Amino acid sequence: MTDAAPPVLSVRELSVAYVAEEGLVRAVDRVSFEVARGEVLGIAGESGCGKSTVAQALLRILPPPAVITGGQVLFEGQDLLLLDEPALRAVRWRRLSMVFQSAMDALNPVLTVGDQLQDTLRAHGVGGAQARARCEELMALVGLPADRLGSWPHQLSGGMRQRIGIALALALEPALVVLDEPTTALDVVVEGEILRQLLALRRSFGFSIIFITHDLTRMLQVCDRVAIFYAGRVVEVAPAAELRAGPRHPYTQGLLAAFPSVHGADGELASIPGSPPSPRSPPPGCRFHPRCAQAVERCRAEEPPLVALGGRHQAACHLVG
Ligand code: SF4
């Protein structure tokens, strides 16, 4: 990864809303971030913070009633939000792919693993002997024996199914892979193995990764940089080591204090009081202010912008910067 190279992905002021009876409910509100070539960017936050909505918006696979209401998704120099369906199909999966949360739901239950891999390859112009050879290669890449190409999804364990999801995502050698909580349903040992393997593949092939999870400890282990989401907004972005050593936003501080440390001293885990606001009625000013122990009067009236704090660290809080 080099900072001088243009980013593979640049998301600018992206907004996504759900069409509801009372009007548009903003789930993602003017979110901006970048992913460098070969970088692993983590996106973390509590349930409902908008992280999975952003992932689906990037590939434009948001199910209705969600709609993208503004912004740009600049991927390898073109705005994906402006592409028509055929142009988008040429990019989706070939250059930008995704591993979904639930491998069982993502795989077709009535097709063998080999047929699903071949279908994906065929849809992008790779067929015949070349596709068969690629399938075997992909199985080896994700650590599965080639004879499993004849298996149906229900014959595989959760870990094996998720490896197939990864093989499908890597089938066409994309530049960016979005992992939407890919290991949530797996036990920690299998999860660790799969993530280690993915990182090794990333080092070999140079693709970038967006890794979405609510597990901040795991995220800090595997990501180069982390973006923290709260109530549909980015509240802090920093290199993972910097975020672990010195989170600047009170919400990030609370999140880190709520996760146990394997290496640190024993201590009581803290929790963040209250719950995230409903996107139907976010509080005015800083959206975190009803839960923030450090809130001052200004926080209730004025929304803090995301400001640079030096290096690659940014935070949106009136008390920093
Ligand atoms: Fe807390 Fe105010 Fe900072 Fe928001 S802006 S995180 S309420 S101190």
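Residues numbered from 1 in each chain as written. Predicted model: local features only at pLDDT ≥ 70, side-chain atom pairs only at ≥ 80, totals over all residues. Heavy atoms only, no water.

**What about the packing of helix H6 (residues 158-170) against helix H7 (residues 188-205)?**
So, step 1. Contact geometry for H6 and H7: axes closest at 10 Å, N-to-C directions at 20°. Judged by the inter-axis angle, H6 sits roughly parallel to H7. With respect to the hand of their crossing, H6 and H7 are arranged in right-handed fashion. Residues Gly159, Gln162, Arg163, Ile166 and Leu170 of H6 touch H7, and the partners they reach there are Val190, Glu193, Ile194, Gln197, Leu198 and Leu201.
So, step 2. Here the contact of H6 with H7 is composed, by residue class, of six nonpolar, three polar and two charged. (Axes fitted to C-alpha atoms, helices over the stretch in contact; angles between N-to-C directions. Helix = DSSP H or I, 4+ residues; strand = E, 2+ residues; numbered from the N terminus. Parallel < 35°, antiparallel > 145°, perpendicular 65-115°, else oblique. Left-handed = near helix turned anticlockwise from the far one by under 90°. Contact = heavy atoms within 4.5 Å. Nonpolar A, V, L, I, M, F, W, Y, C, P; charged D, E, K, R; others polar.)

**Overview of the packing of aromatic side chains**
So, step 1. Under the counting rule described, the total for this entry stands at three aromatic pairs.
So, step 2. Plain terms: the ring middles of Tyr230 and Tyr251 are 4.6 Å apart, the flat faces sit at 55° to each other, and that makes the pair tilted. Within this pair, whereas Tyr230 is found in strand E9 (residues 225-230), its partner Tyr251 is found in helix H10 (residues 250-257), the two being separated by 21 residues in sequence. An identical accessibility class is assigned to Tyr230 and Tyr251; each is buried.
So, step 3. With 5.1 Å between their ring centres and 80° between their planes, Tyr230 and Phe288 make a pair best called edge-to-face. Residue Tyr230 is found in strand E9, and its partner Phe288 is found in the loop between H10 and helix H11 (297-301); the two are separated by 58 residues along the sequence. (Phe/Tyr/Trp six-rings, centres within 6.5 Å; stacked < 30°, edge-to-face > 60°. Buried < 20%, exposed > 50% of the residue type's maximum accessible area, 1.4 Å probe, protein only.)

**A few points about the pattern of salt bridges**
Opposite charge on two side chains lets them pair, provided their charged atoms get close.
So, step 1. In total, this model carries 22 salt bridges according to the counting rule given.
So, step 2. In this structure, the salt-bridge partner of Arg287 is Asp29, at a minimum N-O distance of 2.6 Å. Of the two residues, Arg287 sits in the loop between H10 and H11 while Asp29 sits in strand E2 (residues 23-35), which places them 258 residues apart along the sequence. The same class applies to Arg287 as to Asp29, namely buried.
So, step 3. Notably, a salt bridge pairs Glu173 with Arg134, separated by 3.9 Å at the nearest N-O pair. With a gap of 39 residues between them, Glu173 in the loop between H6 and strand E7 (176-180) and Arg134 in helix H5 (residues 128-141) connect regions that are remote in the sequence. (Salt bridge = Lys/Arg side-chain N within 4 Å of Asp/Glu carboxyl O.)

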